[in-house]
Amino acid sequence: TANCTLVNSLKKALEPKHGAIKTLFLEDELWTEDRPALPTTPAWILPKEYAGFSPAEKLGQLRKKLEELGCTAQLVGKLDNLAWLLNLRAMDIECTPYAMAYCYVTPDRAVLFIHTARVTPEAKAELEANGVTLAEYDSVLDFMAAETEPQTVLAESATVNYAVYQVLENNAALTVKDLADPLLPMKGVKNEVELTHDKEAHLRDAVAMVRFQIELEKRLEAGEELTELTVDEILHKYRSTTDKFIVESFGTIAAYGGNAAMMHYHATPEDHAKLQRKGFLLVDSGATYMDGTTDITRTYPVGPLTENERKYYTWTLQSHIDIARAVFLDYCTGFALDSFARGPLWAHKINYRCGTGHGVGYISSVHEGPQSLRPQNPIVFKEGMTITDEPGVYETDEVGIRIENELECVDAGTNQYGHWLKFEPLTLVPISTEPVIVDELTRDQINWLNAYHAHVYEMLSPRLTEVEKTWLKAKTAPIDR
């Protein structure tokens, strides 16, 4: 299952030792006992009303792009790209609605290699109506080896499975072109239909987050003993109440106190913390609905804070705001924009050892490129891209703080200097202001936070009860020096 770039680097390393690479089918030769079967979760097609384009229309877009690149065919194997191309969904990967499959696309054919018994009759009919024929998943290598129709096949060695690449190269009828996969940037920019639905999913998610926070506060005030696991249970209760909920977009990270300093911490029944009435609780969570995927982090004060905790929180908020309110020219890359966020923390000689943000898929993976806010990312930002904004402070065994919104890249006008872009928030959930040292914030930062909170109240209040509105009004109250 290794990609070509990895295998070729191993080949190079083995050359001085006269080593060689051999392809083995491990399930036949080594792994025979207790090997999990191929996933058989039902495969279905996301309706055009949610996707914006039908599979046939997306296949047409890909064929046009392949023609521009001097290619006639592509064997699509990356599951995120395949999900986008055919609007194909399943639940083969935990928290990620993908189907294990390949699709071979030529100018007049599209063959989907999948365990066909799992494709619902409705999905099969829709695929066939869109010019897609089905074949068994296990037949893909034999099919490609036996292909006799001459094609120039695009295959990105950095991502294509090595065994697949070998079959393509060894077939005399096929000419392989090692080029960047065009599907990644195609799906990286969301269309208007996707963005419209995504905004609705974020509003639904925000209501769940509000109700979660209200219950959390009530139960803490009542003196209940709560744990990090309780947080996950409350969130699931509120997110799963609608018929559009599919699954959490990743395992909830509920981390109290020093646990939050571990960026990928995950509480387990065997190892988790009880919430105390002091310090911070960090909650990083999200969901995939029929109309969008969300990712949000809030750091909640659950009792008295130290001066350091208040400083770290304030500086993190400043970093979050600085990227959220950034205005930039349309040649800026993720690398350039990443530095926008780090300024307030760098001013105090603090850094976080991760990117500032990542792309988020649409009813897809919560981590999806090609865009990201991180050092070395070369992707230029475009209208319609979405990104998370999640700077943080992580002090080992002391505290972890992260504030995360998902943002949409939008047009900001054109003048004599060029075309300008900016971000607008998709996430509309109050940010705790109790820990903020207001004198540390600039006037622009205060104005942004107050405007954001006014927008949060305006958008969420029609969906809440009177009691919830009162709570939200207090949480979104403007701050000032």
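See the structure above.
What counts, and where the lines are drawn
Residues numbered from 1 in each chain as written. Predicted model: local features only at pLDDT ≥ 70, side-chain atom pairs only at ≥ 80, totals over all residues. Heavy atoms only, no water. Helix = DSSP H or I, 4+ residues; strand = E, 2+ residues; numbered from the N terminus. Rg over C-alpha atoms; globule rule 2.2 N^0.38 Å. Contact = heavy atoms within 4.5 Å. Areas by Shrake-Rupley, 256 points an atom, 1.4 Å probe, with all protein chains shown as cover. Lys, Arg positive; Asp, Glu negative; His and termini not counted. Charge placed at Lys NZ, Arg CZ, Asp CG, Glu CD. Pairing = 2+ DSSP bridges. Axes fitted to C-alpha atoms, helices over the stretch in contact; angles between N-to-C directions. Polar contact = N/O pair within 3.5 Å; in protein donor to acceptor, adjacent residues only side chain to side chain. 1 Å grid on protein atoms, 1.4 Å probe; cavity = no way out; pocket = protein on both sides within 12 Å on 5 of 7 lines; lining within 4 Å. Points joined across faces, edges and corners; volume = space filled by probe spheres on them. Nonpolar A, V, L, I, M, F, W, Y, C, P; charged D, E, K, R; others polar. Salt bridge = Lys/Arg side-chain N within 4 Å of Asp/Glu carboxyl O. Phe/Tyr/Trp six-rings, centres within 6.5 Å; stacked < 30°, edge-to-face > 60°. Buried < 20%, exposed > 50% of the residue type's maximum accessible area, 1.4 Å probe, protein only. Lys NZ or Arg CZ within 6 Å of the ring centre and 35° of its normal.

Asker: When you look at the overall build of the protein in this model, what are you seeing that I'm missing?
Answerer: On a plain count of helices and strands, the protein comes out with 15 helices and 22 strands. In terms of overall size, the protein behaves like a compact globule, its C-alpha atoms giving a radius of gyration of 24 Å where 481 residues would be expected to give roughly 23 Å. A principal-axis box enclosing the C-alpha atoms of the protein has dimensions of 75 × 60 × 55 Å. Taking the intrachain contacts of the protein between residues at least 6 apart in sequence as the baseline, contacts between residues at least 24 apart amount to 69%. Here the protein has roughly 21,600 Å² of accessible surface; of this, 53% comes from carbon and sulfur atoms. Across the protein, the mean location of the 46 positive side-chain charges is 4 Å away from that of the 71 negative side-chain charges.

Asker: Sorry if this is basic, but what is going on with unusual backbone geometry here?
Answerer: As a rule of thumb, non-glycine residues mostly have phi less than zero, and peptide bonds are mostly trans rather than cis. Cis peptide bonds are those with omega within 30 degrees of zero, and the linkage from G369 to P370 qualifies with 10°. Checked against the element boundaries, P370 lands in the loop between β16 (357–358) and β17 (372–373). One non-glycine residue, N87, lies in the positive phi region at around 55°. Within the secondary structure, N87 sits in the loop between α5 (79–86) and β3 (88–89). Although it is not a glycine, Q376 sits at a positive phi angle of roughly 80°. Along the chain, Q376 falls in the loop between β17 and β18 (386–389).

Asker: For this particular structure, what's the right way to read the sheet that holds strand β5 (residues 110–113)?
Answerer: Pairing is mixed across the open sheet formed by six strands, whose spatial order is β6-β5-β4-β2-β7-β8. The sheet terminates laterally at β6 (133–135) and β8 (174–177), the two strands that pair on one side only. Across this sheet, the average inter-strand angle for adjacent strands is 25°, counted without regard to direction. Pairing analysis gives four bridges linking strand β4 (residues 102–105) to β5, with the strands arranged antiparallel.

Asker: Teacher, can you tell me more about the side chain of S365 here?
Answerer: Looking at the secondary structure, you find S365 in the loop between β16 and β17. At a separation of 2.9 Å, a polar atom in the side chain of S365 contacts the main-chain carbonyl oxygen of H367. Leaving out residues up to four positions away in the same chain, S365 has contacts with T96, Y98 and V360.

Asker: Sorry if this is basic, but what is going on with empty space enclosed by the protein here?
Answerer: Picture a little ball the size of a water molecule; that probe, rolled over the atoms, points out where space is still empty. Applying the stated rule across the entire model yields three cavities of 30 Å³ or more. By volume, the largest cavity is sized at about 70 Å³. Lining the largest cavity, in full, are D80, A83, W84, R89, K187, K190, E194, G361, Y362, S364 and E368. With three residues, the single largest contributor to the lining of the largest cavity is α5. Among the residues making up the lining of the largest cavity, the classes are represented as three nonpolar, two polar and six charged. Considered as a void within the structure, the second largest cavity measures approximately 40 Å³ in volume. For the second largest cavity, the full set of lining residues is H202, D205, A206, M209, T294, D295, I296, T427, L428 and V429. It is helix α10 (residues 192–221) that provides the largest number of residues to the lining of the second largest cavity, a total of four residues. Looking at the lining of the second largest cavity residue by residue, the classes come out as five nonpolar, three polar and two charged.

Asker: Is there a simple way to think about the sheet that holds strand β9 (residues 245–248) in this case?
Answerer: Each strand in a sheet pairs with another by means of backbone hydrogen bonds, the pair being arranged parallel or else antiparallel. The antiparallel open sheet is built from three strands, whose spatial order is β9-β12-β13. Each edge of the open sheet carries a strand with a single partner, namely β9 and β13 (292–293). As judged from the two bridges shared by strand β12 (residues 287–289) and β13, these two strands associate in the antiparallel manner. Bridging from a neighbouring strand, T288 pairs with T293 of β13.

Asker: Looking at this model, I keep getting lost on the pattern of salt bridges. Mind explaining?
Answerer: Oppositely charged side chains can pair when the atoms bearing their charge come close. Using the criterion set out here, one finds 26 salt bridges in the structure. One salt bridge in this structure joins R204 and D291, with 2.7 Å as the shortest N-O distance. Of the two residues, R204 sits in helix α10 while D291 sits in the loop between β12 and β13, which places them 87 residues apart along the sequence. One continuous salt-bridge network, built from bridges that share partners, spans K78, D80, K187 and E368.

Asker: Before we go on, may I ask you to explain the layout of surface pockets in this structure?
Answerer: As a volume, the second largest pocket reaches approximately 410 Å³. What lines the second largest pocket is a set of 19 residues, among which H264, D284, H358, H367 and E390 lie closest to the centre. The residue makeup of the lining of the second largest pocket, split by class, is five nonpolar, eight polar and six charged.

Asker: Whenever I open this one, the packing of aromatic side chains confuses me. Can you help?
Answerer: What characterises a pair of aromatic rings is the spacing of the ring centres plus the angle enclosed by the ring planes. Tallied over the full model, the rule gives ten aromatic pairs. Taking the centre distance of 5.5 Å and the plane angle of 15° together, the rings of F280 and Y313 count as stacked. Of this pair, F280 sits in strand β11 (residues 280–285) while Y313 sits in helix α12 (residues 307–324); the two residues are 33 residues apart in sequence, bridging distant segments of the chain. Between F381 and F423, the aromatic rings sit 5.9 Å apart at their centres with planes inclined by 85°, giving edge-to-face as the arrangement. Within this pair, whereas F381 is found in the loop between β17 and β18, its partner F423 is found in strand β22 (residues 418–425), the two being separated by 42 residues in sequence. Here F381 matches F423 in class, with each residue buried. Through a chain of ring-to-ring contacts, three or more aromatic side chains come together here, namely Y104, F113 and F143. Here R342 stacks its cationic end above the ring of Y352, 4.1 Å away from the centre of that ring.

No statement about biological role is implied by the geometric values presented.
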